[in-house]
Amino acid sequence: MERPQVQYSSPPKIELKGVSKHFSMNGRPLHVLEKIDLCVGDGDFVSIIGPSGCGKSTLFNIISGLEEPTEGTILVDGQEMPHRLGSVGYMPQKDLLLPWRTILDNAILGLEIQGVRKSIARKEALRLLEEFGLRGFETSYPASLSGGMKQRAALLRTVLADKKVMLLDEPFGALDALTRTSMQEWLLRIWDVLRKTILFITHDVDEAVLLSNRVYVLTARPGRVKLVKDIRLPRPRTYDMVTSAAFVELKGELLEAIKEERIRALDEESLWVARASEHGGRKWT
Amino acid sequence: MDVNRPPPTNSRIDVSLGQTRPLAMARDWLPPAGIILTALILWEVVARATRVPRWLLPTPTDIGSAMASSWELLLKHTWVTFQEVALGFAVSLIVGIGLALAIAYSKVVERGMYPFVIASQTIPIIAIAPLLLIWFGYGLVPKVIVVALICFFPIVVNMVDGLRSVEPEMLNMMRTLGAVRWQLFTKVQIPASLPFLFSGTKIAIAVSVIGAVIGEWVGASAGLGYFMVRSASQFLTARVFAAIFILSVMGVLLFAAVAISERYILPWYHTEKRQKAMARES
């Protein structure tokens, strides 16, 4: 079964039009994002890959409303939203669970902030605990959980907050390879059940192809959209697909695009280091 | 595919230390007990062998018999000192926490108050104790004030640090969940500051007894500090030692009470510490 790639009948859930972000670094302008156009449909799964320092995290900060773009507009459900903060779910790479709260009480944080009664919020969280592989751990503190479980708890917190869109910033980046694979398969299942709109950042091309309907490749700084690729692999997907011919071909195409940017990013970085030492300043990281 | 099946996970981390409880207790308590016992025996033997006059250096058995013979008197004075410590500490806890919250929440309060909080520590307490005597007399109040003045500084400074210890990423995550300023404060900053508050409280409780004794030395009609001054002037040295012994026991017990309440109030912190300790040992 293939899902429609972009639903043109209804406005896209999130649309970025010509979004740019410039900072000033030691009086020198620093262009982090340059005219980004991006579109995520309702219930879509879209990934962004790019070399480190391409401004992916800045992009997420802008979409979530933590920062404002220098230029361009962000449309949510076809509407401009100047006060987006709190309407877009954001799951950073670190789990950022509150260590003094049990897993259950961490999960309900978003609902609690919205003013939902704790008892009601807990009931809702308990309903999903099984699917998130956290049954039996509701009264545990984060310190006694494994890395994969903490990430799932953080994802449950994002899901329960029930935002229009979920931004996932390399959620599996810090996990070991085996755990990551099982987490990816699990996320595919969960996404199928929950039908949430997901925008996903990753360094991992396999992960992007396996999970997404569409992949955006960003350039090295300043971050521009270098390539947009629709992933027309059948669903439901499993990890076995990574060796299929169609998968390998898509992966090759994306890798080629990223490789060019990685080299450019490296060159740029050495240029920065050279400039910084020239001025006796600190290395820009 | 079965959606309800969670992916395989690492099993729950075993939290037991892999040791039986009496054995672990023996490991913790035997070394200090041994050191104390050896020191006491050495003291007794040396003091008897060298025939130092008793009023100059009483032996541990002299001190023990002094305690036994004047236990009623000691109990009365201990109760007075304990009241001073408990009240002064309670005042410093309430004022200290309130001040720390105000300083962390408001930049204006921080700029206005923080210099005075620090300056208050540069004033020698011994120097203002006579003033308190003039203003408040020989009763409980001046001692409570001295104890509170000594205790409140570590409480304020540690709690302010704790309230500021939260990573900006954590606060940003809370903002994306829709949290506003006071929610960040009550749901993240205050709970995050509690381990720091307990660190400050442990320092405060350890010095609180000193504050009470200073207050009593300057002028009092009861309390262990007063008892020490009176005994010393009559060369009842064994009684002075007895008072010192009771004061240090009081300090240790108060410290233990704070440490135990930390375990009950912050069970998560205890879990975290134990995990870290295990990681270090393995």
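Computed from a predicted structure; not experimentally measured.

### Some points on the overall build of chain A
Okay, so step 1: If you tally the helices and strands in chain A, you get 8 helices and 10 strands.
Okay, so step 2: Relative to the compact-globule value of 19 Å for 285 residues, chain A shows a C-alpha radius of gyration of 20 Å, a close match.
Okay, so step 3: Seen along its three principal axes, the alpha-carbon backbone of chain A occupies a region of about 60 × 45 × 40 Å.
Okay, so step 4: Counting across all 285 residues of chain A, residues that qualify as buried make up 56%.
Okay, so step 5: Counting only contacts in chain A whose residues sit at least 6 apart along the sequence, the fraction spanning at least 24 positions is 70%.

### Quick notes on the packing of aromatic side chains
Residue and element names in this part refer to chain B.
Okay, so step 1: The full count for this structure, using the stated rule, is 11 aromatic pairs over all chains.
Okay, so step 2: Taking the centre distance of 5.7 Å and the plane angle of 80° together, the rings of W55 and F235 count as edge-to-face. Of this pair, W55 sits in the loop between helix 1 (21-50) and helix 2 (60-69) while F235 is found in the loop between helix 9 (224-233) and helix 10 (237-265), placing the two residues 180 residues apart along the sequence.
Okay, so step 3: Both rings, one in W79 and one in F82, keep their centres 6.0 Å apart while their planes meet at 25°; by these two values the pair is stacked.

### Quick notes on the sheet that holds strand 6 (residues 88-91) of chain A
Residues and elements named next belong to chain A.
Okay, so step 1: Judged by pairing direction, the sheet is mixed, and its 6 strands sit side by side in the order 6-7-8-3-9-10 without closing on themselves. A single partner strand is all that each edge strand has here, and the edge strands are strand 6 and strand 10 (225-230). Adjacent strand axes in the sheet meet at a mean angle of 15°, parallel and antiparallel pairs treated alike.
Okay, so step 2: Taken together, the 4 bridges between strand 6 and strand 7 (residues 165-169) define a ladder with parallel strand orientation. Its bridge partner lying in strand 7, M91 is registered against L168.

### Considering the nonpolar core
Okay, so step 1: Judged by nonpolar contacts, the single largest core of 56 residues is most densely connected at I103, V117, V156, M170, M174, V188 and L224 of chain B.
Okay, so step 2: When residues of this core are traced back to their parent elements, those giving at least two are helix 3 (109-113) of chain A together with helix 3 (71-105), helix 4 (107-122), helix 6 (140-163), helix 7 (168-176), helix 8 (181-218), helix 9 and helix 10 of chain B.
Okay, so step 3: Tallying contributions element by element places helix 8 of chain B first for this core, with 11 residues.
Okay, so step 4: When near neighbours in sequence (up to four residues on either side) are disregarded, V117 of chain B contacts L99, I103, F152, F153 and V156 of chain B.
Okay, so step 5: Counting 52 residues, the second-largest nonpolar core is a separate cluster that includes A121, M149, A154 and I258 of chain A.

### Points about the environment of V108 of chain B
Okay, so step 1: Positionally, V108 of chain B belongs in helix 4.
Okay, so step 2: V108 of chain B sits 41 residues away from M67 of chain B along the chain, and the two C-alpha atoms are 54 Å apart.

### Re the interface of chain A and chain B
Okay, so step 1: Across the boundary between the two partners, chain A contributes 39 residues, which contact 33 residues of chain B.
Okay, so step 2: The largest contributions to the chain A side of the interface with chain B come from W100, I113 and R189 of chain A, which together make up 23% of the buried area.
Okay, so step 3: The tally of links between chain A and chain B comes to 3 salt bridges.
Okay, so step 4: One can count 4 residue pairs in polar contact (both at pLDDT 80 or more) joining chain A with chain B.
Okay, so step 5: Elements that contribute at least two residues to the side of chain A that touches chain B include exactly strand 6, helix 3, helix 5 (147-160) and helix 6 (177-194) of chain A.

### Regarding the sheet that holds strand 4 (residues 71-76) of chain A
All names here are of chain A.
Okay, so step 1: Taken together, 4 strands build an open sheet; the order of strands is 2-1-4-5 and the sheet is antiparallel. Single-partner strands in this sheet number two, and they are strand 2 (28-40) and strand 5 (79-80).
Okay, so step 2: In this structure, strand 1 (residues 14-25) lies alongside strand 4, joined through 5 bridges in antiparallel fashion. Bridge pairing in strand 4 links I14 to V76.
Okay, so step 3: Running over the sheet, helix 1 (residues 56-64) touches strand 1, strand 2 and strand 4 and is turned about 120° from strand 1.

### Comments concerning the packing of helix 3 of chain B against helix 10 of chain B
All names here are of chain B.
Okay, so step 1: Contact pair helix 3 / helix 10: the axes reach a minimum separation of 11 Å and the direction vectors enclose 40°. With respect to each other, helix 3 and helix 10 are oriented oblique. Crossing angle aside, the handedness with which helix 3 passes helix 10 is right-handed. Residues L73, L74, T78, T81, F82 and V85 of helix 3 touch helix 10, and the partners they reach there are R239, A242, I246, L247, M250 and L254.
Okay, so step 2: Looking at the contact of helix 3 with helix 10 residue by residue, the classes come out as 9 nonpolar, 2 polar and 1 charged.

### Quick word on the pairing of strand 8 (residues 197-202) of chain A
A regular strand places its side chains so that they alternate between the two faces of the sheet.
Residue and element names in this part refer to chain A.
Okay, so step 1: Taking burial as the measure, the 6 residues of strand 8 include 6 buried ones, the bulk of the element.
Okay, so step 2: Where burial is concerned, the two faces of strand 8 agree: the one with T197, L199 and I201 and the one with I198, F200 and T202 are both buried.
Okay, so step 3: The pairing of strand 3 (residues 45-49) with strand 8 spans 5 bridges and is classified as parallel. Residue pairing across strands places I49 opposite T202, the latter belonging to strand 8.
Okay, so step 4: Of the strand pairs in this sheet, strand 7 and strand 8 are connected by 5 bridges, and their pairing is parallel.

### Considering helix 7 of chain B
Okay, so step 1: Within helix 7 of chain B, the full set of buried residues consists of M170, L171, M173, M174 and T176 of chain B.
Okay, so step 2: The elements touched by buried residues of helix 7 of chain B are helix 1, strand 6, helix 3 and helix 5 of chain A together with helix 8 of chain B.
Okay, so step 3: Phi turns positive, to about 100°, at G178 of chain B, one or two residues after helix 7 of chain B.

### Notes on the domain arrangement of chain A
Residues and elements named next belong to chain A.
Okay, so step 1: Here chain A is partitioned into domain 1 (1-87 + 164-285) and domain 2 (96-162).
Okay, so step 2: Domain 1 and domain 2 are separated by 26 Å when their C-alpha centres are compared.
Okay, so step 3: Tallying the contact residues gives 13 residues for domain 1 and 11 residues for domain 2.
Okay, so step 4: Taken together, the two surfaces of domain 1 and domain 2 that pack against each other cover about 1,000 Å², and 74% of this comes from carbon and sulfur.
Okay, so step 5: Along the contact surface separating domain 1 from domain 2 lie 1 salt bridge.
Okay, so step 6: For the salt bridge of K196 with D162, the shortest nitrogen-to-oxygen distance reads 2.8 Å.
Okay, so step 7: Counting residues per element, the ones that place at least two in the side of domain 1 that touches domain 2 are strand 7 and helix 6.
Okay, so step 8: A class-by-class count of the residues in the side of domain 1 that touches domain 2 yields 10 nonpolar, 1 polar and 2 charged.

So, how was this worked out
- Residues numbered from 1 in each chain as written.
- Chains lettered and ligands numbered in written order.
- Predicted model: local features only at pLDDT ≥ 70, side-chain atom pairs only at ≥ 80, totals over all residues.
- Heavy atoms only, no water.
- Helix = DSSP H or I, 4+ residues; strand = E, 2+ residues; numbered from the N terminus.
- Rg over C-alpha atoms; globule rule 2.2 N^0.38 Å.
- Buried < 20%, exposed > 50% of the residue type's maximum accessible area, 1.4 Å probe, protein only.
- Contact = heavy atoms within 4.5 Å.
- Phe/Tyr/Trp six-rings, centres within 6.5 Å; stacked < 30°, edge-to-face > 60°.
- Pairing = 2+ DSSP bridges.
- Axes fitted to C-alpha atoms, helices over the stretch in contact; angles between N-to-C directions.
- Core = buried A, V, L, I, M, F, W, Y, C linked by side-chain atoms within 4.5 Å.
- Buried area = accessible area lost by both parts, 1.4 Å probe.
- Salt bridge = Lys/Arg side-chain N within 4 Å of Asp/Glu carboxyl O.
- Polar contact = N/O pair within 3.5 Å; in protein donor to acceptor, adjacent residues only side chain to side chain.
- Parallel < 35°, antiparallel > 145°, perpendicular 65-115°, else oblique.
- Left-handed = near helix turned anticlockwise from the far one by under 90°.
- Nonpolar A, V, L, I, M, F, W, Y, C, P; charged D, E, K, R; others polar.
- Domains from an automatic or database assignment.

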